[in-house]
Amino acid sequence: MRRLESGQWQRSIFLALVLMAFSGFACAEQKRILGNWEVHYIAFNTTFLTPEIASANGISRSPNNILINISVLDRTTKLAQSVDITGTARNLLGNTKMLNFKKVEEGDAIYYLAQLPFSDEEHYRFNIEIIQGKVEQTLKFEQKLYR
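Residues numbered from 1 in each chain as written. Predicted model: local features only at pLDDT ≥ 70, side-chain atom pairs only at ≥ 80, totals over all residues. Heavy atoms only, no water.

### Side note on the packing of aromatic side chains
The final tally for this structure, using the stated rule, is three aromatic pairs. Measuring from centroid to centroid gives 4.6 Å for Phe126 and Phe141, while their planes differ by 20°, and the two rings are stacked. With Phe126 in strand β8 (residues 122–132) and Phe141 in strand β9 (residues 135–145), the pair connects residues that are 15 residues apart, well separated along the chain. Taking the relative accessible area as the measure of exposure, Phe141 reaches 5% and is therefore buried. Every member of this aromatic cluster is reached through a ring pair, and the members are Tyr41, Tyr124, Phe126 and Phe141. (Phe/Tyr/Trp six-rings, centres within 6.5 Å; stacked < 30°, edge-to-face > 60°. Helix = DSSP H or I, 4+ residues; strand = E, 2+ residues; numbered from the N terminus. Buried < 20%, exposed > 50% of the residue type's maximum accessible area, 1.4 Å probe, protein only.)

### A look at the sheet that holds strand β3 (residues 65–74)
Pairing is antiparallel in the open sheet, where five strands are placed in the order β1-β2-β3-β7-β6. The sheet terminates laterally at β1 (31–34) and β6 (102–106), the two strands that pair on one side only. In this sheet, neighbouring strand axes are inclined to one another by 25° on average, regardless of whether the strands run parallel or antiparallel. One ladder, built from five bridges, connects β6 with strand β7 (residues 109–117); its direction is antiparallel. (Pairing = 2+ DSSP bridges. Axes fitted to C-alpha atoms, helices over the stretch in contact; angles between N-to-C directions.)

### A word on the confidence of the model for the protein chain
Put simply, the protein chain has an average pLDDT of 87, and 80% of its residues get 70 or more. Under a pLDDT of 50 for its full length, residues 22–27 has, in the predicted model, seven contacts with residues more than four places off or in other chains. (pLDDT = per-residue confidence, 0-100. Contact = heavy atoms within 4.5 Å.)

### Observations concerning the pattern of salt bridges
Applying the stated rule across the entire model yields five salt bridges. The residue Lys103 makes a salt bridge to Glu105 at a minimum N-O spacing of 3.8 Å. Close ionic contact of Arg125 with Glu142 constitutes a salt bridge, the shortest N to O distance being 3.3 Å. Of this pair, Arg125 sits in strand β8 while Glu142 is found in strand β9, placing the two residues 17 residues apart along the sequence. Of the residues examined, Arg125 reaches a relative accessible area of 34% and is grouped as partly exposed. (Salt bridge = Lys/Arg side-chain N within 4 Å of Asp/Glu carboxyl O.)

### What about the nonpolar core?
Core analysis: the biggest nonpolar cluster contains 26 residues, and Ile70, Phe126, Ile128 and Ile130 have the highest contact counts within it. Setting aside its immediate chain neighbours within four residues, Ile128 contacts Ile70, Ile85, Thr86, Gly87, Leu99, Phe101, Gln137, Thr138, Leu139 and Phe141. In this structure, Leu49, Leu67, Tyr111 and Leu113 belong to the second largest nonpolar core, which totals 10 residues. (Core = buried A, V, L, I, M, F, W, Y, C linked by side-chain atoms within 4.5 Å.)

### Looking at unusual backbone geometry
Positive phi, close to 65°, is recorded for Lys78, a residue that is not glycine. For Lys78, the location among the structural elements is in the loop between β3 and β4 (84–91). If you check the backbone angles, Glu121 has positive phi at about 65° while not being a glycine. Following the sequence through the fold, Glu121 ends up in the loop between β7 and β8.

### Concerning the sheet that holds β9
Reading across from one edge, β5-β4-β8-β9 is the order of the four strands in this open sheet, with antiparallel pairing throughout. In this open sheet, the two edge strands, each paired with only one partner strand, are β5 (96–99) and β9. Each adjacent strand pair in this sheet contributes to an overall mean axis angle of 20°, direction not counted. When β4 meets β5, the two strands line up antiparallel, connected through four bridges. Bridge pairing in β5 places Ala89 opposite Lys97.

### Looking at the side chain of Glu38
Topologically, Glu38 is positioned in strand β2 (residues 37–45). There is a polar contact of 2.6 Å between the side chain of Glu38 and the side chain of Lys78. If near-sequence neighbours (up to four positions away) are discounted, Glu38 is found in contact with Lys31, Arg32, Ile33, Ser71, Val72, Leu73, Arg75 and Lys78. (Polar contact = N/O pair within 3.5 Å; in protein donor to acceptor, adjacent residues only side chain to side chain.)

Here you go:
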């Protein structure tokens, strides 16, 4: 059995927490089929992360900060896809914030993470552009955010 390095161990815990958060937040699966991709997404408050996990992954823990996690899988093989991803979040007043995604690779898994500061009960519309070569798809979703 291969022993995990310190950084690998922290990332494994982080990813396990993200998966637990995903399963606890949604009654319905947060997934969209976009062309040949299965795109999974979630936005949750960063206070659900332990200080150690947040620090190890460069995430600011705050009751006014959410983490957006997106993973892109091939629909047929279910393999994680390496893509270019950009996006925006727009509130109901029309204020738009750019999302800066960070790619996290853990074994065969690939996640794209972005942070967003918000005010309690603020409603956002997310517009995420996913590009791989000449293939481009747009993920759109809305979410009301709470502390």
